[in-house]
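The residues making up each chain are set out below.
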Amino acid sequence: ARSSVIFPPEVLSAFQLLTSQDKGRRSSEMIGPKGPIFETAKIAGIMAAKKTSDLIPLCHPLPLDRVNIDIQLIDNRAIIECECRVTHKTGVEMEALMGASVAA
């Protein structure tokens with residue numbers, strides 16, 4: 001699942017932006033007074049994906065094998081992608097949507 005957040009210029013200017021290159025991929029992090037914003041969002045998204053059955057009506061709990069959240073800052077837009085995997089006879093669409101939404 002994918003979601004995006006558009007930051008007004010005054011919001012971007014209020015935070016420190018760090019960029020790094022890892023394995024040929026550029027990544028960014030916004031640092032606020034309380035710490036890294038994107039890393040905190042990733043943790044919140046992972047926790048939300050794992051708690052989807054508590055948050056969405058009629059959704060049963062799934063033993064997720066993997067939850068991966070990636071956040072990229074492109075200009076003034078944060079693109080959040082959440083991928084969930086499960087070894088089960090059902091899909092994980094709601095878990096991926098929940099993870100991306102809460103991370104946003």
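For clarity, every value in this text was computed on a predicted model and none was experimentally measured.

## Points about the overall build of the protein chain
- Tallying secondary structure elements over the protein chain gives four helices and six strands in all.
- Seen in sequence order, the protein chain has helices and strands lined up from the N terminus as β-α-β-β-β-α-α-β-β-α.
- Relative to its 104 residues, the protein chain shows a buried fraction of 35%.
- Counted over contacts in the protein chain with a minimum sequence separation of 6, partners at least 24 positions apart contribute 50%.
- Approximately 6800 Å² of the protein chain is accessible, and the part contributed by carbon and sulfur atoms is 56%.

## Description of the sheet that holds strand β5 (residues 66-74)
- An order of β1-β6-β5 is seen for the three strands of this open sheet, with the pairing classed as antiparallel. Two strands in the sheet have a free side with no partner beyond their single neighbour: β1 (2-6) and β5. Strand-to-strand twist across the sheet, computed as the mean angle between neighbouring axes with direction ignored, equals 15°.
- Docked against the sheet, helix α2 (residues 37-50) engages β5 and β6 (77-85), running at close to 145° with respect to β5.
- Contacts from helix α4 (residues 93-103) reach β1, β5 and β6, with the element oriented near 150° to β6.

## A word on α2
- Between its first and last C-alpha, α2 extends 20 Å over 14 residues, near the 20 Å set by a 1.5 Å rise per residue.
- What α2 keeps buried is the set Phe 38, Ala 41, Lys 42, Gly 45, Ala 48 and Ala 49. Buried residues of α2, seen end-on, are gathered within an arc of 130° and therefore sit on one face of the element. Exposed residues pointing more than 90 degrees away from the buried face of α2 are listed as Ile 43, Met 47 and Lys 50.

## Re the environment of Glu 29
- Mapped onto the fold, Glu 29 is located in strand β3 (residues 25-32).
- Distance from Glu 29 to Met 94, taken between C-alpha atoms, is 27 Å for residues 65 residues apart in sequence.
- In contact with Glu 29, not counting residues within four places along its chain, are Gln 16, Leu 17, Leu 18, Pro 36, Ile 37, Phe 38 and Glu 39.

## A short note on the pattern of salt bridges
- Applying the stated criterion across every chain, the model contains five salt bridges.
- Here Lys 51 ties to Asp 54 by a salt bridge, and the two come within 3.6 Å at their closest N and O atoms.
- Within this structure, Arg 66, Glu 83 and Arg 85 form a network of salt bridges that share partners.

## Observations regarding the nonpolar core
- Counting 22 residues, the largest nonpolar core has Phe 7, Leu 64 and Cys 84 as the members making the most contacts within it.
- Contributions of two or more residues to this core are made by α2, β5, β6 and α4.
- Aside from chain neighbours lying at most four places away, what touches Leu 64 is Ala 49, Lys 50, Cys 84, Arg 85, Val 86, Val 92 and Glu 95.

What counts and how
- Residues numbered from 1 in each chain as written.
- Predicted model: local features only at pLDDT ≥ 70, side-chain atom pairs only at ≥ 80, totals over all residues.
- Heavy atoms only, no water.
- Helix = DSSP H or I, 4+ residues; strand = E, 2+ residues; numbered from the N terminus.
- Buried < 20%, exposed > 50% of the residue type's maximum accessible area, 1.4 Å probe, protein only.
- Contact = heavy atoms within 4.5 Å.
- Areas by Shrake-Rupley, 256 points an atom, 1.4 Å probe, with all protein chains shown as cover.
- Pairing = 2+ DSSP bridges.
- Axes fitted to C-alpha atoms, helices over the stretch in contact; angles between N-to-C directions.
- Expected span 1.5 Å × (residues − 1).
- Arc of directions from axis to C-beta.
- Salt bridge = Lys/Arg side-chain N within 4 Å of Asp/Glu carboxyl O.
- Core = buried A, V, L, I, M, F, W, Y, C linked by side-chain atoms within 4.5 Å.

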